[in-house]
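# Working through the structure, step by step
One letter stands for each residue in the lines below.
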Amino acid sequence: SVEDAFESISGSYPLVFAGYGIQVPSIGYNSYSGIDVKGKIVLLMEGYPGAGDTLSETWKMIRKTAEDDSFDIEKRCKLADSLGAIAIIGLQEKLWKEGIRDVYSESILSICHENIPYQDAEFIFPDRKPEHDIPCILPGLNQGISIFRASGFNSALLKDLYMGSNIKLSDLKPGKINLNLWVKEEKITINNVVGVLKG
């Protein structure tokens, strides 16, 4: 059943920041080096490291992967799942690109304790069993900022990773986050679409 593949989650879980959340063994790049994510929620970034400085050594190594988007968000979710993570929270690329000073306004901090709604759906045929997966939450820009700032980080960290800096992420200790998600199984009826080509 759907409940077997997607478990409801409710509680307070440790939060782990894993940079871009990717592993590329061929070039020796591993965002999870020294990081234990089992039973934790992973906070990660959109995009690829070094994209902000195309002359950096990091970008030179990862450029092909980035251009092919070989590690899209679905693969990052599956990787975190394989490492035992509870869920993923993704940060939008706008946070560390142009206009970063504008989005980091003090007024945004007022929504730090606001509940962030999340809804997702997996559609499968009755005779198929769903594959196990974890929630991959991509909050809006303001909510992403709130989570990041409430975790004790500042914009410089994201900017450094964007520019290709080598940061030891295992030293970062962002604390915990409350997460409440419920799985609801529903049966829906759909109609087939028939196309007629004349001539």
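Located above this text is the structure these notes cover.
These lines cover the structure that appears in this document, whether it is placed above or below. This is a predicted model, so every value here is computed, not measured. (Residues numbered from 1 in each chain as written. Predicted model: local features only at pLDDT ≥ 70, side-chain atom pairs only at ≥ 80, totals over all residues. Heavy atoms only, no water.)

### A few points about the sheet that holds strand 1 (residues 9-17)
One open sheet holds the five strands; their spatial order is 6-5-4-1-7, and the pairing between them is mixed. Unpaired on one side and paired on the other, strand 6 (136-137) and strand 7 (176-181) mark the two borders of the sheet. Inspection of the sheet shows strand 1 paired to strand 7 by six bridges, in the antiparallel sense. In the strand pairing of strand 7, Tyr13 is matched with Ile177. Sheet contacts for helix 5 (residues 141-150): strand 1, strand 4 (41-45), strand 5 (87-91) and strand 7; angle to strand 5, the most-contacted strand, approximately 110°. (Pairing = 2+ DSSP bridges. Helix = DSSP H or I, 4+ residues; strand = E, 2+ residues; numbered from the N terminus. Contact = heavy atoms within 4.5 Å. Axes fitted to C-alpha atoms, helices over the stretch in contact; angles between N-to-C directions.)

### Regarding the pattern of salt bridges
Inspection of the entire model under this criterion finds three salt bridges. When the shortest N-O distance is used, the salt bridge between Glu57 and Lys60 registers 3.4 Å. In this pair, Glu57 and Lys60 both sit in helix 2 (residues 57-68), three residues apart, roughly one turn of the helix. Note on Glu57: relative accessible area 54%, which makes it exposed. A salt bridge links Arg63 to Glu67, with the nearest nitrogen and oxygen atoms 2.7 Å apart. A residue pair is termed a helical-turn pair when its members lie 3 or 4 positions apart in one helix, as Arg63 and Glu67 do in helix 2 at four residues. (Salt bridge = Lys/Arg side-chain N within 4 Å of Asp/Glu carboxyl O. Buried < 20%, exposed > 50% of the residue type's maximum accessible area, 1.4 Å probe, protein only.)

### Examining the side chain of Arg76
Relative to the elements of secondary structure, Arg76 occurs in helix 3 (residues 73-82). Asp69 provides the closest opposite charge to the buried, salt-bridge-free Arg76, at an N-O distance of 4.8 Å. A distance of 3.1 Å separates a polar side-chain atom of Arg76 from the backbone oxygen of Met45. Those residues in contact with Arg76 that sit more than four places away from it in its chain are Tyr20, Gly21, Ile22, Leu44, Met45, Glu46, Gly47, Tyr48, Phe71 and Ile88. (Lys, Arg positive; Asp, Glu negative; His and termini not counted. Polar contact = N/O pair within 3.5 Å; in protein donor to acceptor, adjacent residues only side chain to side chain.)

### Examining the environment of Ile35
For Ile35, the location among the structural elements is in the loop between strand 3 (29-30) and strand 4. Counting along the chain gives 18 residues from Ile35 to Phe17, while the straight-line C-alpha distance between them is 8.9 Å. Residues contacting Ile35, with those up to four places away along its chain left out, are Val16, Phe17, Ala18, Leu169 and Ser170.

### Describing helix 2
Within helix 2, the full set of buried residues consists of Thr58, Trp59, Ile62, Thr65 and Ala66. Around the axis of helix 2, the buried residues are gathered within 130° of arc, so they sit on the same side. Among the exposed residues of helix 2, those pointing more than 90 degrees away from its buried face are Lys60, Lys64 and Glu67. If you follow the buried residues of helix 2, they end up packed against strand 2 (23-24) and strand 3. Of the residues trailing helix 2, Asp69 is marked for its positive phi of about 50°. (Arc of directions from axis to C-beta.)

### Focus on a nonpolar patch on the surface
A cluster of nonpolar residues, Phe123, Phe125, Ile188 and Ile190, forms a patch on the protein surface that exposes about 510 Å² of accessible area. Taking relative accessible area as the criterion, Phe123 reaches 64% and is therefore assigned exposed. (Patch = residues over 30% accessible without salt bridge, like charges linked within 9 Å, V, L, I, M, F, W, Y side chains within 5 Å. Areas by Shrake-Rupley, 256 points an atom, 1.4 Å probe, with all protein chains shown as cover.)

### Quick word on unusual backbone geometry
Positive phi, normally seen in glycine, also occurs at Asp69, with a value near 50°. Relative accessible area serves as the criterion here: at 40%, Asp69 is assigned to the partly exposed category.

### Digging into the nonpolar core
In terms of nonpolar packing, the biggest core is built from 49 residues, with Phe17 and Leu43 touching the most fellow members. Non-local contacts of Phe17, meaning those with residues more than four positions away in its chain, are made with Ile35, Leu43, Met45, Phe148, Phe153, Leu157, Leu158, Leu161, Leu169, Leu172 and Pro174. (Core = buried A, V, L, I, M, F, W, Y, C linked by side-chain atoms within 4.5 Å.)

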